[in-house]
Amino acid sequence: MGEPKTTFLRTIALIVFAVAIYFPLFYDLDYLTVRLWDESRQAINALEMYNNHNWIVTYFDGRPDLWNTKPPLLIWMQVFFFHVVGLNELALRLPSAFGGVLICIALVYFCDKHLKNLWLGILSGIILVTFDGFINYHVSRTGDYDALLTGFVALFLVSFYGYLQSDCTKKILLYSFFIFLALAFLTKGIAGLFFAPALLVMSIAMKKFRKLITSIHFWSGLGIFLFITVGYYFLRESLNPGYLKAVYINELGGRYLSAVEEHQHETLYYFNSWIEYKLKDWYWLIIPGIIAGIFFMGKEIQLFSIYFLLCGITFFSVISSSKTKLNWYDAPLYPIIAFFCACIFIKFFDLLNNLQKTKRLLITAACVVLVLTYPAYRYVMIIDKVNTPEESDEALKYYQISYYLMDKLKNGDLLNHKVILTNDYTPHITFYTKVCNIKGSDLNAKNYREAKKGETVIADLPEVIDFIKNNFEYTEIGNYSNAVYTFQLR
């Protein structure tokens with residue numbers, strides 16, 4: 001596929017690309033309430049840091065958090081956006097959305113500058129944002145670690161390859177590699193290091209290993225990486241004794257060698273999930289894309305395809321051999337898959353350009369049909385997905401009070417002198433009550449079995465409402481969407 005021949009055409013192509021990735025990543029990003037489990041826990045970590053200004057130790061419920069032991073880069077970013085856009089869902093999720101932007105920038109910049117194929121980068125980015133597994137809960141659309149991690153992973157992978165490709169002469173790329181690696185580590189701990197074996201093998205295969213390890217810049221960069229990452233862990237341990245032990249249990253041996261929280265699945269769990277729903281109509285292009293990239297593209301793209309394939313196989317092998325498997329652990333593989341899918345289309349356009357002019361018209365027509373009916377179809381499906389997403393009935397039962405509180409906050413009603421009655425682990429509700437408290441409300445939440453006469457309570461779960469009706473005299477004084485009820489207990 002021919003490169004844009006003028007600066008004007010390049011600019012137009014990049015503007016169209018920016019608009020195309022904006023909508024899947026940012027549109028209606030704050031439409032859904034804060035999600036139960038991980039996002040809501042990060043939200044409370046960020047709120048408590050926002051309040052206590054402790055930038056090293058993350059807190060949950062007023063105590064150092066030794067369950068979520070990830071380093072705090074994501075939390076720092078969320079606190080920053082709390083100050084910029086307010087205490088809301090958008091601030092929580094912007095770091096993840098910008099993680100998606102980082103991936104697209106890495107693909108476009110590297111393909112343009114190092115592989116001399118701007119279209120390959122643009123198409124890779126557009127394909128990436130049509131993956132259901134990427135434009136999804138716990139990746140680019142919620143305040144979780146994985147999209148931001150994937151962004152830094154993409155940056156350090158292309159930086160390392162660029163350094164090897166330069167015959168180890170562009171020191172800035174080596175230092176960029178270590179900085180992005182450190183940022184990946186500060187995002188989600190050891191997960192970014194899962195690619196290390198592939199980097200070692202590639203440096204040996206390209207006969208750059210000796211130059212790499214004998215360079216003072218390599219050791220300087222490694223020193224910077226260790227100072228940032230190991231330095232954080234030991235500083236956190238000094239302020240929060242027991243942290244390193246918790247990291248081992250939650251992230252290293254404990255999680256890898258045994259299934260935690262019943263997250264045990266078959267070896268091909270991730271591959272099967274690609275086929276079932278994460279990659280939808282794209283998964284069958286993975287193998288043809290690998291073949292096209294390695295055997296039928298230009299020499300530079302072929303070599304980079306081998307590198308990307310090696311990285312993908314390495315990471316896939318590590319997460320598949322772990323006893324604990326979670327739906328979002330494969331997020332760093334999506335840019336690699338998108339790149340190989342893009343190779344198919346780029347090769348098709350290359351073949352088109354090589355045809356004689358008299359034969360080109362029919363192929364051009366076929367090409368237009370292909371572009372408009374395949375990637376465009378998936379793009380439209382993704383836009384439909386992010387456009388005012390709907391909760392399933394199963395999910396909605398967890399979030400009725402969250403939507404009620406989100407609406408009250410948007411309308412400036414802080415619900416003074418009221419108590420939310422909850423059941424079990426409800427950090428998604430705690431987030432909203434804490435935001436109300438920061439804004440001056442005395443709203444609080446507690447287990448429904450602790451309800452007392454004289455309180456004005458808010459409840460939505462059937463078991464909570466039944467408890468009220470069976471144990472108190474009450475007056476119903478309001479309801480929200482016939483799902484959230486306010487009672488005066490007496």
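Note that the structure is predicted; figures quoted are calculated from it, not measured. (Residues numbered from 1 in each chain as written. Predicted model: local features only at pLDDT ≥ 70, side-chain atom pairs only at ≥ 80, totals over all residues. Heavy atoms only, no water.)

Here we come to the overall build of the protein chain. Across its full length, the protein chain holds 21 helices and seven strands. Over its C-alpha atoms, taken along the principal directions, the protein chain stretches across nearly 85 × 55 × 45 Å. For the protein chain, the residues scored as buried account for 53% of the 490 residues in total. As displayed, the protein chain has an accessible area near 22,000 Å², and 63% of this comes from carbon and sulfur atoms. (Helix = DSSP H or I, 4+ residues; strand = E, 2+ residues; numbered from the N terminus. Buried < 20%, exposed > 50% of the residue type's maximum accessible area, 1.4 Å probe, protein only. Areas by Shrake-Rupley, 256 points an atom, 1.4 Å probe, with all protein chains shown as cover.)

Both faces of the sheet carry side chains from a regular strand, because those side chains alternate between them. Alternating positions in strand 3 (residues 419-422) separate into two faces, V419 and L421 on one and I420 and T422 on the other, with burial throughout. Across four bridges, the pairing between strand 3 and strand 4 (residues 444-447) is parallel. Each bridged residue has a counterpart across the sheet, and for T422 the counterpart in strand 4 is N447. Between the parallel pair strand 3 and strand 4, the chain is carried across by helix 20 (residues 427-438), and the sense of this crossover is right-handed. Where strand 3 and strand 5 (residues 456-459) come together, two bridges link them in parallel fashion. Each residue of the ladder has a partner; that of I420, found in strand 5, is I458. (Pairing = 2+ DSSP bridges. Right-handed = clockwise from strand over helix to strand, strands pointing away.)

It is worth spelling out the packing of aromatic side chains at this point. The final tally for this structure, using the stated rule, is 49 aromatic pairs. With centroids separated by 5.3 Å and ring planes inclined at 65°, the aromatic side chains of F26 and F98 adopt a geometry described as edge-to-face. Of this pair, F26 sits in helix 1 (residues 7-26) while F98 sits in helix 4 (residues 89-113); the two residues are 72 residues apart in sequence, bridging distant segments of the chain. Residue classification places F26 among the buried residues on the basis of a relative accessible area of 16%. For F98, a relative accessible area of 36% translates into the label partly exposed. Consider the rings of F195 and F315, whose centres lie 4.7 Å apart with planes at 15°: the pair is stacked. (Phe/Tyr/Trp six-rings, centres within 6.5 Å; stacked < 30°, edge-to-face > 60°.)

A general feature of soluble globular proteins is that nonpolar side chains tend to end up buried together. Counting 145 residues, the largest nonpolar core has F131, Y307, F339 and F431 as its most contacted members. Sequence-distant contacts of F431, that is, excluding residues within four places in its chain, are made with V34, A43, I44, L47, F82 and L92. Counting residues in each nonpolar core, the second largest holds 13 residues, with A451, V457, V464 and L489 among its members. (Core = buried A, V, L, I, M, F, W, Y, C linked by side-chain atoms within 4.5 Å. Contact = heavy atoms within 4.5 Å.)

A rise of 1.5 Å per residue sets the reference length of helix 10 (residues 216-239), with its 24 residues, at 34 Å; its end C-alpha atoms lie 33 Å apart and thus fit the reference within 8%. The largest bend in helix 10 comes to about 25°, at G231. Looking at the packing, one finds that the buried side of helix 10 touches helix 7 (171-188), helix 9 (209-213) and helix 11 (243-251). Between the side-chain oxygen of the N-cap and the backbone nitrogen of H217 there are 3.1 Å, and the N-cap of helix 10 in question is S215. (Expected span 1.5 Å × (residues − 1). Bend = angle between axes of the 7 residues up to and from the residue. Polar contact = N/O pair within 3.5 Å; in protein donor to acceptor, adjacent residues only side chain to side chain.)

Glancing now at the pairing of strand 7 (residues 484-489). Both strand 5 and strand 7 contribute to a ladder of four bridges, which runs antiparallel. When the sheet's bridge partners are listed, V457 is paired in strand 7 with F487. With six bridges joining them, strand 6 (residues 474-480) and strand 7 adopt antiparallel strand pairing. In the strand pairing of strand 7, N479 is matched with Y485. Between strand 6 and strand 7, which pair antiparallel in sequence order, lie three residues; one of them, S481, sits at a positive phi of approximately 55°.

A few words now on helix 7. Helix length check: helix 7, at 18 residues, gives a terminal C-alpha distance of 26 Å against a target of 26 Å (1.5 Å per residue), a fit within 8%. For helix 7, every residue scored as buried is listed here: L173, L174, S176, F177, F178, L181, A182, A184, F185, L186, T187 and K188. Those residues of helix 7 that are buried lie in contact with helix 3 (73-85), helix 6 (146-165), helix 8 (196-205), helix 9, helix 10 and helix 11. Remark: G189 follows helix 7 within two positions and exhibits a positive phi of approximately 65°.

In this section: a nonpolar patch on the surface. Taken together, F8, L9, I12, I15, V16, V19, Y22, F23 and Y27 make up a surface patch of nonpolar side chains, about 830 Å² in accessible area. The exposure class assigned to F23 is partly exposed, which follows from its relative accessible area of 33%. (Patch = residues over 30% accessible without salt bridge, like charges linked within 9 Å, V, L, I, M, F, W, Y side chains within 5 Å. Salt bridge = Lys/Arg side-chain N within 4 Å of Asp/Glu carboxyl O.)

Our next topic: the pattern of salt bridges. Within this structure, the stated rule accounts for 17 salt bridges. E391 is paired through a salt bridge with R35; the nearest N and O atoms lie 2.6 Å apart. Highlighted residues: E391 in the loop between helix 18 (375-386) and helix 19 (393-410) and R35 in the loop between helix 1 and helix 2 (38-52), separated in sequence by 356 residues. When sorted by exposure, E391 lands in the same class as R35, which is buried. Residues K446 and E455 are paired through a salt bridge, measuring 2.8 Å at the closest nitrogen-oxygen approach. The class for E455 is buried, based on a relative accessible area of 16%. Each member of the salt-bridge network shares a partner with another, and the members are D132, K280, D281, R378 and K385.

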